[in-house]
Structures are given as C-alpha cells and as structure tokens.
Amino acid sequence: MRLPLFAAVCILLRTAVAVFADEAWNVDYHYALLGEPQEETTFFHQPNPTSKASLIYTLSKRGFVGAVNPRDGSVVWRQLLSPNLTSSTSQGFLRAGEGQDTIVSGYGSQVAAWSAADGRLAWTVDMHGPLKDVEILELSDGKIGSGAKDVVALSGGGSPAVQRLDGASGAVKWQHKFQEGDEVYQLSASTTEVFAILLHKTVLGYIKIRVLSLDPVNGRKTSEYTLSSENELASADTIISVGANSASPIVAWTDAAHSVLKINIIGTKTVSSYNIEKQGGQTVENIRIHAPYHTTSLSHFLVHYQTATSHWADIYHINFARSITQIAYSLPNISGKGSFSTSTSDANVYFTRITQDELITVSSASHGVLGRWTIDNLGVVSAPHEAIVPTHTVSELSVKGDSVSAIRTAVLLSTGDWVLLRDSKPVWARPEALADITSATFATPSVLEDFQHKLDVETHSNFVGAYLHRVKRHLEELKHFPSYMSSMPQRFISGFLGTTDEGAMASDSFGFHKVIVCATGNGRLVALDAGSANRILWSRTAVDLGSSETWQPGLSSRADVIVLEQGSGKSQQTFNATNGDPLPGIPDTHDLQAGPRVQYTLRDGVLEATRTDKANAGSVWHFTPMDGERILHLVPRPSNDPVASIGKVLGDRRVLYKYLDSNLALLATANDASKSAQFYVLDTITGSILHSSAHSGVDLQAPISSILSENWFAYSYTAEASDASTKGHHLVVGEMFESLVPNDRGVLDAATNFSTVQSGTEPFTLVQTYQTPEAISKMAVTQTRQGITSRQLLAVLSDVEAIVGIPYSALDPRRPVDRAPTKDEQMEGLFQYAPVIEFDPKWFLNHQREVLGIENVLTSPALIESTSIVFAYGLDIFGTRLSPSFSFDILGKDFNKFQMLATVAALAVLTFVVAPLVMRKQVNTRWQFT
Amino acid sequence: MRLFSLLCGATLTSAARLTVSIPPSPPQLPNPATLPASTHAVLHGPPGVRYDVPLRRDHSFVFPELGEASYLLTIHTRDYFFPSLRVDVAKAEGEGSQRSIAAWQTFRGNEWSNKGPQYGAGIDELRVEMRPNGHKDFYQQRGGFNLIGFLKSPMILMGLVSVVMIFGMPYMMDNMDPESKAEFEEMSKKSPITGSEGAASQIQNFDLAGWMAGKSPGATGGPSGGGNKKK
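Rules and cut-offs
- Throughout this document, residue positions are counted from 1 along each chain, in the order its sequence is written.
- Here every chain gets a letter starting at A, and every ligand a number starting at 1, in the order they are written.
- Restriction of local features to residues with pLDDT of at least 70 applies here, the model being predicted, together with a cutoff of 80 or more for giving and counting side-chain atom pairs; totals for whole chains, interfaces and linings are based on all residues.
- Where side-chain values are given, they derive from all heavy atoms of the structure, hydrogens and water being excluded.
- The way it works is that DSSP assigns letters per residue, a run of H or I at least four long becomes a helix, a run of E at least two long becomes a strand, and they are numbered from the N terminus.
- We call a residue buried when its accessible area falls under 20% of the maximum for its residue type, exposed when it is over 50%, and partly exposed in between, using a 1.4 Å probe and counting protein chains only.
- Here a residue-residue contact requires only that any non-hydrogen atoms of the pair lie within 4.5 Å.
- Each accessible area is a Shrake-Rupley estimate made with a 1.4 Å probe; only the visible protein chains count as cover when residues are assessed.
- Counted charges follow a simple rule, with Lys and Arg positive, Asp and Glu negative, and His plus the chain ends left uncounted.
- A single reference atom marks each charge: NZ on Lys, CZ on Arg, CG on Asp, CD on Glu.
- Using only the protein atoms, space was sampled on a 1 Å grid; points where a 1.4 Å probe fits but cannot get out form cavities, open sets with protein on both sides within 12 Å along at least five of seven lines form pockets, and lining residues are those with an atom within 4 Å of a point.
- Grid points are joined across faces, edges and corners, and a volume is the space filled by probe spheres set on the points.
- Each aromatic pair joins two rings of Phe, Tyr and Trp (for Trp, the six-membered one) with centres within 6.5 Å, and gets the label stacked for planes under 30 degrees apart, edge-to-face for over 60, and tilted for any other angle.
- Charge-over-ring placement is defined geometrically: NZ (Lys) or CZ (Arg) within 6 Å of the ring centre, and within 35 degrees of the ring normal.
- For two strands to be treated as a pair, DSSP must find at least two bridges joining them.
- Every angle, taken between N-to-C directions, lies between 0 and 180 degrees, and every axis is a line fitted to C-alpha atoms, over only the stretch in contact when it is a helix.
- As a per-residue measure, pLDDT tells how confident the predictor is, with possible values from 0 to 100.
- In these notes the angle categories are as follows: under 35 degrees is roughly parallel, over 145 is roughly antiparallel, 65 to 115 is roughly perpendicular, and the rest is oblique.
- Residue polarity follows a fixed list, in which Ala, Val, Leu, Ile, Met, Phe, Trp, Tyr, Cys and Pro are nonpolar, Asp, Glu, Lys and Arg are charged, and the others, Gly among them, are polar.
- By convention a nonpolar core is built from buried Ala, Val, Leu, Ile, Met, Phe, Trp, Tyr and Cys residues, the set being connected through side-chain atoms within 4.5 Å.

Participant: Got a sec to walk through the overall build of chain A? Specific residues and values, please.
Facilitator: The number of helices and strands found in chain A is eight helices and 61 strands. Principal-axis analysis of the C-alpha atoms places the extent of chain A at approximately 115 × 85 × 65 Å. Across the 930 residues of chain A, 51% fall into the buried class. Of the contacts made within chain A by residues no fewer than 6 positions apart, 52% connect residues no fewer than 24 positions apart. As displayed, chain A has an accessible area near 42200 Å², and 53% of this comes from carbon and sulfur atoms. Taking the 73 positively charged and 93 negatively charged side chains of chain A as two groups, their mean positions are separated by 4 Å.

Pasting the structure below:
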C-alpha cells in the first residue's frame, strides 16, 4: 500500500501550499456555466411530480444538459452529452414528459434519460444512427400515472428506423424500419398515433412531405399519404415546424420568399394556405411557431413573424370537427425584435411576448391582455446605447381569475446573458457567453497605469524637476483628502473586523484588481475584475457575427490598452481596458526590441524559423519531424518569466548554475503508427535540440500537455503498461543546468555574455518521471513580479474537474532516488523520490467547486511579489489568487488583528496594575527592616 | 456525460459487461445518494480505448460492452478517493464467444502485473462493489488562537510561576508559624543566592567606589552602598 508514503509526502509538503478554509469561497470566484441555451430544448419542468417547485432544464449549444434553479440561477446539475463540442454536426433534443421525474435527451446517436432532480443517469440506449427526433409518448390508453412514459426515437443514417423505448428501462419495445430513399425528418405523436414525417425528393428537385402513421402499440404502419406541397419546398430549411405532442400536431412550411404560410393538421390531407402580408414594406426574415407541448392543452398555436425592424404574431385555433385551422386574432406589430413563449395551466394556453421594454401575457383564447409589465432594467452589463434584444424565452406563470398573478421568464439576450425576470424585475443573470471564450488576456486598469507613469516621470527627470513634480502631485492628491478622511472610520472598522469587500479598483494597492478581457464566441469582448468575485466590468460587441460565423481573434494587452487582432494579421482594434472604450489608432510598439529577431511558424507540419530584420531576412532553420510523426504543439518559455537567481543554492552554500535562455521552446510530436510521443527542447534561435526524449505505448487520444519555464520543463502523457513503464498517467519533469558540478559554469566559465549561435553550449538536463492519479489536460505556471517566490505548476485535471497547484519542490528532479536525503539535501528541502505524486486535496485550487471543461489557464503577477493571479476558462470561469510561498509581504487573514490588539491591551492593563505594586515593593525594601 | 466515447469503434459481437456499484459504507459514505451527479467512472484500455460512464440512479456504473483487453478502472468523484482496479477481459476457456472478466485492485507506481486482492471474476458479466478509501479534505485550518495551547507554552508557564511567587510569597510568609518562619529566614540567609553572603546581595551591595579605590570587600563592614538605592 502506498498510503504511508502518501502520508509522509503530505506531511512534508503540508507547509508548502494549501487552500485555507477562510480564503476558500472568498478569494476565488467561479461561474458554473452551461453555454447558451437553445430555444427548442429549454423549458420549465417539475423534477418531483408531487411538488410544485420547478427547475429550468436546457440543452445548451455546448452540448451540456443542465438544470438551473430559477430562484438564484445556480446550476443544480449538468452533464456533458458529447465530448466533441461541435453542435453543428449533431442536433440535440431534450424532452420532459408531464409528471415525470426523468428528462430524456438525444444527442448524436444516444438517447439517455436523466433523473430530473439530481442528474443521475436512468438509462441510455445507442440508436446506431444519427438521431433525427426524440419524443415522449403521451398515450390516452387509460393508464395515466402508471409509471414512466415511453419514448419514441427516430434515427437516420444507413438504416432509418423508429423505435419505442420503455420509459423505465430504455428497453426497445418495437422498431419500425423504413425503406431507404426518403430522408427521415421528424416525429410527431398524438394521443392515439405516432407520425413519422419523411421528405421525398421529386425528380425536379423539390421536396414532398410524406407522413407515415404508426400504431403506437406494435409499431405497424396504419396509413401513409403524401402532402401536395407543390413546388414551394426547395429545401427542408423552410419547414418551420412539426408540432409534436400537442393535442393535434401540425406541420407548417413556407416558400423561400416567406410569402405564403401553409399548414396541415397531421393525419388529414387538407393544407390551409395563408398569405403573409408585408407590414411596413419589409420582407419577413423569420417565421416561428409556438405551440403548447401538452396533449391536454387547447389546440391553439402562435405564428411569430420577424422582419429586420419589427415583429408581429397571429394566433391560430384548430377546429377539430372540420379539421381546419383559422386565425383567431393577431398581436400588433411592434418595432424592434421580440420573442414569444408558450405556457400552459391545465388546459389553458398563454402566450408571453417580450420586447425590448415590455412583457405582455395574453390568453390563447382571446386577445385580452392578462398582464403587462414594463422592463426598465435587465440587470446585465452592456455597452452604452446598445440595444439589448431578447433572443428566446421560456416562461412559467400562475393565473388568478383574469390576470396573471406571477410570471417568471427566463430570457436569453443578444449579449449572451441568460436572465430570469420575476414579473419584470431581473432576479439573476448568467453570462453564458463566457462559456465560449476564444481568447483572453490580463490588463492593468488605467488608474494604476497613470500612477505608474507619474512615478516613472519622477525617476527619469532631473532632481529639481522631479521634486516639483512630486509636490504638484501631492497637492493634487490633497483634493481627495476630505473624502479619504470621511471614509476613514468605515475603512478602519471594516479593516478591523475583516469584513472588507476589498473595495474598488482605485484603492487597489496590491494589484489584485486586474482587468481580464475575454473575446467570446458571439463576437463580444467581456471584461472581468480579477480581484472581486463575479463582477463584469464592461461588455461590448467587437464584431457582428452571423449565426454560423465564427472568429478566431487574438487578444493582447499593453498596460491598459487591449489590442484585438482578427484572423492572421487582418485588422487591429484597440480598446481601453478599464471601460472598454475604443481607442483611435494602434499603440506604438516601442516596447518591442529592435535588432535581429527570429520568428517561427508551423507550416505543412514543418516548423520554420525566419529572421525578421530587413538586413538579412530569410529562413534560419527548419524542424521537420521524422517520418510518420506529426507536431502536436509547441510551448515557448513565457515572455514574462523573471528569474530572481541564476543559480540554485545547495545545502552547503555552493551553487548549481541554471541554464537560462529566453529563447527556448518545448515541442511535442506524435507518431500514430507506433503510438509513441517525442518531446524536444529547442533553442529557437539556432534550431538546435537541447534535449529530447521518446515514450512508447502512449495513448494519443488522451491529453498530452507540456510547459516550459525558467530552466525546467514538464510534460504529461498517458501510457500503456510495458516493460519500461506501468499503465497510467505520467508526468515528466526536466531541469537544465549549465553544469552539474557545483560552483562551476562549465564551458561558459567566467563569460558574462555569450551567444548561443557561436558557442553552441548545451545544458546538462536532469529528468525524473512521476506517476499521477489523473490525466493532466493543460499546464500553466504561476508568475510573480520578480520571480523570487517559488513556482507552482498548475495542472488542469479534466477527469475530476479540478485545477491543482503542484509545488515545484515536489517535482524537483534532484530528489534523491533509493536513499534518504543527506543533511545538505534536507537543508535544501529535497526529500526522497517516490514514483507516485498523489494530489493532496489541499492542492486543489478549486477545492469543492467543480470547474468543468477548462481549456486554458492564464497567470499574471500582482503588484506584490508573493501573489500570482490565476484565471482559467473553457466552459467554466474560475479565478483565484495564489501565494506559493505564503503571503510574506501582506497581512493576510492569518494575521489576527483582534489578538494583537487584545495583547496590547492586556499588557497595558498589566503595566498599570503592576506598576504600583512594584513601586510599593521598592519602597518597602528600603524602609522595612525585619 | 461523455457518453461512451467508444473511440476504438470495434464491432463487438459479444462483449463482457461490467457493473460497478457503490454500496453504503457507513463510516466513510453512509449514503451513496449524496454523491454528486458529476461522479463518473473511466476505463482506460489500450491506447485509444476509453469508456467514460456517469453515475446511475442505483449508485452504479455500467460498462455494457467491453472488448478483450486489460483496463484500468478509476472512479472520479468530488469528495472521495476510490481505489483503482485492474479489469481484464479475455476469451473464456472452452468454446463459444464467451469472455471471462476479472477485477483486481492495482497500485499506482507498481508494475502492472502486481495485482492486489481480487474483487471478482465472472463469465460475460461481472458485478463488483467499490467502497471509498478516503475522504478528500480540501481545507487547511489556520493555527488560530487557542487558550489552552497558549497557557501550555513554557514562556507563559514561567511567567505565571513568577507571578505566583511575587504575589503568593508574602502571604505564605505571613501565614507561617514563627518557628518555621525563623528557620526559613535562616535558610535564605545561608542560601548562596539570596542570603546576605549570597551572590545576589553581593551584586546589589557592590561598592563600586570602594572597589575602584582598591578596598577589599570585607573591609567595608556591612552594607554601605546606599548609592544605588536612592532612586
């Protein structure tokens, strides 16, 4: 058993790093996100049929199924349906049967039922073909309330079929296979029949809708007919809706120009045709149908028309007896974009309309307004004068008499925020756009940057000028004195009681309140405050993206200026980091050093380095991987990687010199045929290989991550058992020295300057391999201002949804192997090598929070040396502050102010009490003779 | 959650089924229903083969189709450590397409052949029970102020003893009966530290001027150095 060893390691490292109980939940912040919810797959549902409390369920664009508590917006549970997050390749479905304690999801070829209350899997079935539709059967066979409702699923692909799955176990009850030829499109179920909608391509290239009616008990075909859709349907995109699970499902389509709407009640052959009038001379861009999803509801539905500038809606009733649809009434045209949602209460159907400034509820039966609220604030951060448009909504309401007594509306806004309105008041907002960050960077707020600039002026001018500048600056600061004095008692009290919320950016003397600017997938820039939890500073649109467009921006920062680069050197935009205002022009690039520079690019699987200076531009070196190998990734040394000491001081005060070169990079290549991975440390100026290693039996589907910092590198991989290694996850750490003899710089000797191009020195590399309990999907390293503080390797563990901070002392390749450390080694903090590094739970930066889908971790130094600011993004957003060598330059929460004051007070009291006693004794010793 | 990322894509005509259940195990995990929905189990097979299944409602993980290979089973959950298992699926002896499946505990940092106690073995189907072997304790408690610990420290104990001596001695002296009091005084006079010939009184009564003038201490004749007493 490895437990004693693990315990020993834990004891040794106990003092190195930990998450403190009083700092957890306060210093760190976390957005548990799902991704933008999709309109078709978002609804209110009661997880427990006996209770009225409901949760909001959604299947997001990122492929997550989740439940959100409508009270506070917290995630109750979430599950990732598919590891590859390309929602465009696969449609997702999410259905809930009325009064059921499970919800059913369909994604890819998997149908799964999840426990609605706690998100556990009930059953899962593979359909052996891409899913086209999933519906829940609400049969009126007199067995209402008898257990779980069955599920029908339609799969396409090579052998299209409909299957009925048992609601409790997922077992297949029957299967109906279709002949090949027609494309399967959708399913629809009424209380007595299951309809399969197929698309039949005619010779002319148009589409005809074929409807197959199946017996829900045995899956046999009962009837079949083709709708005469004439020549309107050129593609399946103009089929608006196939109503499912309503009392009388309909199919509706339009022509490409949106000039006519055709509706058919499934099961009948008549097609009603309605001309779409053009309101305001604008063409209709989008038509949507909103219908209730319950078989017991009235068969009413709403058709929503949207033009570029306005929207309106018609409400239709279905007349069962005559099998026709007719327009009951219309909702007036309102300028701007709007959104509709359907809610039911018993058999009644209500439609809720949300526009940019109003929320209106009407009943489906008549046009009387049941409730009207004015929205003046959506509670989200946006650019000034930006029109926030509702994209889609779901709502839940309770009706008393003729008016709506309470309504809850979850609305997705054009900013990517998901907001819940209680009546018209925002209760919570979830910034779901942040689930899709493409690039992020740290920046310094302007306040700090101005101050720094002023100080720079003083250091760089002459004595008299600097003095005058300083006096002027102090006089200017005097005008803040009254407000400072008035806030003094408050500051004192909050500082003493420890209730400070760490204030605003202006009073940030430790540099914790950095600005983190993120570019999101919907074309926006969002800025977060790194110092205070869950605070969005500003948010603005950077580019207008179409629905299917994506962008790959590059974000960088120069002090308080954000530079946004779109595509490969296309256009550059600059923004103020503090408030997001666009700035004119491109900042001067004076901070980039002049002189010869080498730029390296990956082209056709070959790494190529070119000189960029004009005098002798051209290719310097190539790195071509060996046959069958492909380059996985290249990790250079961080551009901001200060090193405090050029050597490692040993226990006996001698020094090992580090091999420090700012132009190093770690390159990983993989060979798919031989299942091996190679790692090279490259000098990016000369192209020489300083260190290389190869590992066989590597699982190339598992994450391979690497990092290079200071004079050490680390990489991880997952390997199969072999003679050389054991099965599991491995972490390799290498450290490079100029020489392995203490106090000796090897060939460099006393050279103060040397060129890697001329001297060709090579480092001596010590390497050690450890086995880790989890696969590491991404690595980062802490950064501090001067690099004096010891470093921590930050490793993202995607399997336990965590980020661990591994102290470098635990990874040191100089740990003695197979023997106890000598006294000198103990002095240095080295302990005996163990092949396994167990991740102490106290190393988990996220402690009990579960951070899902982290793709990248950024670190940035604070103003004080001890602290590094960490920001992780991917799906979730997580940020914290780290002090790898403890907070040695700041009074943290471990400093007990109360205890200090109590001690001072006790000493004062003691002095006052004891002083007369001592005085009396002194007098007595002189005068008393016994 | 990462439903069956069946990356090998092998067509498995007959395959073994593994069910891992988590029973209530009182001291550590009395109620497995408290496990969060993010709990999942991963089977690592040969390179490229990985099965990842979420926790089911009956506190179990089901791997429905396992091909012939040697797998590493890991259970990931937020609050508990679970042992890792080695699961071997191989062709069963005899005819037919049956597979034998067996599970042992395995230890990180040891050879893969180093198997621990067997959890179970079966043909085509195996159920094993797994219990957590530890609770994750994420939080480091600060060494806060502790009155008992504070009083236990030697500095404070010494201080307390001296305080007791300062305040307690006069009372003790007063309450002593005359005989023992006299005896005590006799003793303290003789004691090398506090007696009149003791080091303490000698230092206190040291006649600096006399010493500088070259007088021997005995010649002063009794206490004379009042100089340092007149403060």
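Read on for the rest.
Participant: Let's hear about empty space enclosed by the protein: which residues, and what values?
Facilitator: In this structure the tally under the stated criterion is 10 cavities of 30 Å³ or more. The space that makes up the largest cavity amounts to roughly 100 Å³. Taken together, 16 residues make up the lining of the largest cavity; nearest its centre are K727 and Q771 of chain A together with L72, S84 and R108 of chain B. Going through the elements one at a time, β54 (728-737) and β55 (764-772) of chain A together with β5 (69-76) of chain B are the ones with two or more residues in the lining of the largest cavity.

Participant: Could you give me a rundown of the packing of aromatic side chains, with the residues and numbers involved?
Facilitator: Tallied over the full model, the rule gives 19 aromatic pairs over all chains. Three or more aromatic residues joined by ring pairs make a cluster, and in this case those are F679, F713, Y715 and Y717 of chain A. We note K727 of chain A situated over the ring of W112 of chain B; from NZ or CZ to the ring centre the distance is 5.7 Å. In this arrangement the basic side chain of R881 of chain A is found over the ring face of F512 of chain A, its NZ or CZ atom lying 3.9 Å from the centre.

Participant: Outline unusual backbone geometry, listing residues and values.
Facilitator: Residue and element names in this part refer to chain A. Even without glycine at this site, R653 takes up a positive phi of about 70°. With respect to the helices and strands, R653 occurs in the loop between β47 (647-649) and β48 (655-657). For R653, a relative accessible area of 64% gives the class exposed. Of note, the phi angle at N743 is positive, near 60°, even though the residue is not glycine. Judged by its relative accessible area of 49%, N743 is partly exposed.

Participant: I'd like a rundown of the sheet that holds strand β44 (residues 606-611) of chain A, residues and numbers included.
Facilitator: Residues and elements named next belong to chain A. Across the sheet, three strands lie side by side as β43-β44-β45; this open sheet has antiparallel pairing. If you trace the sheet from one side to the other, it starts and ends with β43 (598-603) and β45 (618-623), each paired once. Across the sheet, the axes of successive neighbouring strands diverge by a mean angle of 25°, strand direction being ignored. In terms of strand pairing, β44 meets β45 through five bridges, oriented antiparallel. Each residue of the ladder has a partner; that of R611, found in β45, is G618.

Participant: Report on the confidence of the model for chain B, specifying residues and quantitative values.
Facilitator: Residue and element names in this part refer to chain B. For chain B, per-residue confidence averages 79 on the pLDDT scale, and residues scoring 70 or more make up 79% of the total. Across residues 1-13, confidence stays below pLDDT 50; counting only partners more than four residues off in sequence or on other chains, it has 38 contacts. Note that residues 219-231 has pLDDT below 50 and, in this model, six contacts with residues that lie over four places away or in other chains.

Participant: So, the packing of helix α2 (residues 446-460) of chain A against helix α3 (residues 463-478) of chain A: which residues are in play, and what are the values?
Facilitator: Helix packing geometry: the angle between the two helix axes and the distance between the axes. All names here are of chain A. For the pair α2 and α3, interaxial distance at closest approach is 9 Å and the crossing angle is 150°. Overall, the two elements α2 and α3 adopt an arrangement that is roughly antiparallel. Residues F451, K454, L455, V457 and E458 of α2 pack against A466, H469, R470, R473, E476 and E477 of α3. In terms of residue class, the contact of α2 with α3 is built from four nonpolar, one polar and six charged.

Participant: Explain the pairing of strand β6 (residues 75-80) of chain A to me, using residue names and the numbers behind them.
Facilitator: All names here are of chain A. Here strand β5 (residues 64-68) runs beside β6; their pairing, made up of five bridges, is antiparallel. Within β6, the position partnered with V68 by the bridge is V75. Adjacent in sequence and paired antiparallel, β5 and β6 are bridged by six residues, among which G73 carries a positive phi angle near 80°.

Participant: An account of the nonpolar core is needed here, citing residue identities and associated values.
Facilitator: With 36 residues, the main nonpolar core has I56, L434, I516, L528, F871 and I877 of chain A as its most contacted residues. Within the residue set of this core, elements represented by two or more residues are β2 (29-31), β5, β32 (403-413), β33 (417-422), β35 (437-443), β36 (515-520), β37 (524-529) and β60 (868-874) of chain A. The residues touching L434 of chain A, leaving out its near neighbours within four places in the chain, are Y31, L33, T520, V526, L528, G874, L875 and I877 of chain A. Within the second largest apolar cluster, 29 residues are counted, among which are A16, I22, L66 and V89 of chain B.

Participant: An account of the confidence of the model for chain A is requested, with residue identities and associated values reported.
Facilitator: Residues and elements named next belong to chain A. This prediction gives chain A a mean pLDDT of 84; 90% of its residues lie at or above 70. In the model, residues 1-16 has pLDDT below 50 throughout and makes 17 contacts with residues more than four positions away in sequence or in other chains. Taken as a whole, residues 84-88 scores under 50 in pLDDT and shows five contacts with residues more than four places along the chain or in a different chain.

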